[in-house]
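The lines below spell out each chain.
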Amino acid sequence: MSRRKNQKLRHGLLRRDAYREPKPRILVVCEGSVTEPRYFRDFSTDQKNGLVEVNAIGLGFDPTTLVEEAAKRQDMAAKEAENKEDDFLSYDDVWCVFDIDDKPRERKVPEARSAAKKLKIKLGISNPSFELWALLHFQDYNKPGNQTQVGKALKKHLPKYEKLLPYEILAPTYDEAVTRAKAGAKNRAGEGDPYGDPSTTVFKLTEIIRKFGKK
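Residues numbered from 1 in each chain as written. Predicted model: local features only at pLDDT ≥ 70, side-chain atom pairs only at ≥ 80, totals over all residues. Heavy atoms only, no water.

(A) Inspection of the overall build of the protein chain at higher detail. Secondary structure assignment for the protein chain yields nine helices and five strands. The linear arrangement of helices and strands in the protein chain, starting from the amino end, is α-β-α-β-α-β-α-β-α-α-α-α-β-α. Residue burial in the protein chain is summarised as follows: out of 215 residues, 47% are buried. For the protein chain, restricting intrachain contacts to residue pairs at least 6 apart in sequence, the fraction spanning at least 24 positions comes to 73%. (Helix = DSSP H or I, 4+ residues; strand = E, 2+ residues; numbered from the N terminus. Buried < 20%, exposed > 50% of the residue type's maximum accessible area, 1.4 Å probe, protein only. Contact = heavy atoms within 4.5 Å.)

(B) Local environment of the sheet that holds strand β4 (residues 122–127). The strand order β2-β1-β3-β4-β5 describes an open sheet built from five strands, whose pairing is mixed. A strand with exactly one partner marks an edge of an open sheet, and here the two such strands are β2 (52–56) and β5 (199–200). Pairing between strand β1 (residues 26–30) and strand β3 (residues 93–99): five bridges, direction parallel. Across the sheet, residue valine 29 finds its bridge partner in β3, namely cysteine 96. The strands touched by helix α2 (residues 35–46) are β1, β2 and β3; relative to β2, the strand with the most contacts, the crossing angle is about 170 degrees. (Pairing = 2+ DSSP bridges. Axes fitted to C-alpha atoms, helices over the stretch in contact; angles between N-to-C directions.)

(C) Local environment of the packing of aromatic side chains. Tallying each qualifying case throughout the model produces eight aromatic pairs. Grouping aromatic residues by their ring pairs yields a cluster made of Tyr39, Phe40, Phe43, Phe130, Trp133, Tyr167 and Tyr174. (Phe/Tyr/Trp six-rings, centres within 6.5 Å; stacked < 30°, edge-to-face > 60°.)

(D) Local environment of unusual backbone geometry. Put simply, asparagine 127 and proline 128 share a cis peptide bond, and its omega is 15 degrees. Within the fold, proline 128 resides in the loop between β4 and α5 (131–135). Here the residue pair aspartate 197 and proline 198 is connected by a cis peptide bond, since its omega of -5 degrees sits within 30 degrees of zero. Along the polypeptide, proline 198 turns up in the loop between α8 (174–190) and β5.

(E) Expanded view of the environment of phenylalanine 203. Locating phenylalanine 203 in the fold gives a position in helix α9 (residues 202–211). Sequence separation of phenylalanine 203 and lysine 182 is 21 residues, and the distance between their C-alpha atoms is 7.8 Å. In contact with phenylalanine 203, other than residues within four places in its own chain, are Trp133, Tyr174, Val178, Ala181, Lys182 and Ala185.

(F) The nonpolar core, seen in detail. If you look at the biggest cluster of nonpolar residues, it comprises 34 residues, and the most contacted ones within it are Val28, Tyr39, Phe40, Phe130, Trp133, Leu165 and Leu205. In terms of residues, this core owes the most to one element, α8, which gives five residues. If we skip the residues at most four places from it in the chain, phenylalanine 40 touches Val28, Cys30, Val54, Val97, Phe130, Val202, Leu205 and Thr206. Counting residues in hydrophobic clusters, the runner-up holds 21 residues, among them Tyr91, Cys96, Ala115 and Ala116. (Core = buried A, V, L, I, M, F, W, Y, C linked by side-chain atoms within 4.5 Å.)

(G) Seen up close, the pairing of β2. The sheet contact formed by β1 and β2 spans five bridges and is parallel. When the bridges of β2 are listed, valine 28 appears paired with valine 54. Crossover handedness for the path β1 to α2 to β2: right-handed. (Right-handed = clockwise from strand over helix to strand, strands pointing away.)

(H) Representation of the packing of α2 against α9. At their nearest, the axes of α2 and α9 sit 9 Å apart, and the two run at 30 degrees to each other. On the basis of their axis angle, the class for α2 and α9 is roughly parallel. Pair α2 / α9 crosses with right-handed handedness. Within the contact between the two elements, α2 uses Tyr39, Phe40, Phe43 and Ser44 and α9 uses Val202, Leu205, Thr206, Ile209 and Arg210. Among the residues making up the contact of α2 with α9, the classes are represented as six nonpolar, two polar and one charged. (Parallel < 35°, antiparallel > 145°, perpendicular 65-115°, else oblique. Left-handed = near helix turned anticlockwise from the far one by under 90°. Nonpolar A, V, L, I, M, F, W, Y, C, P; charged D, E, K, R; others polar.)

(I) Broad picture of the pattern of salt bridges. Summed over the entire model, instances satisfying the criterion amount to eleven salt bridges. For lysine 84, the salt bridge goes to glutamate 80, with nearest N and O atoms at 3.1 Å. On the basis of relative accessible area, glutamate 80 is assigned to the partly exposed category, the value being 33%. Connected through salt bridges with shared partners, the residues Asp175, Glu207 and Arg210 form a single ionic network. (Salt bridge = Lys/Arg side-chain N within 4 Å of Asp/Glu carboxyl O.)

Coordinates in, geometry out; function isn't part of it.
Okay, structure coming up:
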């Protein structure tokens, strides 16, 4: 039985009507075990999107392995959905979130991107680090550097920051961060390296979460 048929039986209406798109169930697989998953959980809660599941894999996975692990979890969910005849248990959209960490060759990012394309996994890549996304909530940042430099720049705005980002401080300037991140991505693409330093595609994921939220 399809997901939409299930929902019709449960709620007496179709998931898709003339005015709304069906809400996708989203799996977010994070390499980091603290900063990124906490941020996405807070963001999803703020946007009132209950169809986002965040998995913190933790360090030790290179980006390609992370992508493969995300694909495995997607397949497992699809099998469970089939066995239980409940399509709501499957994922419509799967994302991997990781940093380049000043080591693009060592981390084999091109291989990860190739694997993601083949497995239809989307990527939220930050170069050099996820802290760049947080920093863009406060200022433009368009100079190549490393994660230490980005961290120091962020500390000017968040002196007490260690691992947990204060979501309530970031939230008011979310739109500004998206605008800056898009500009950075456009600049890097113009230079021939869409994931070059500095850049982040995290905004693509957050915009999807926001689009299908209730806020």
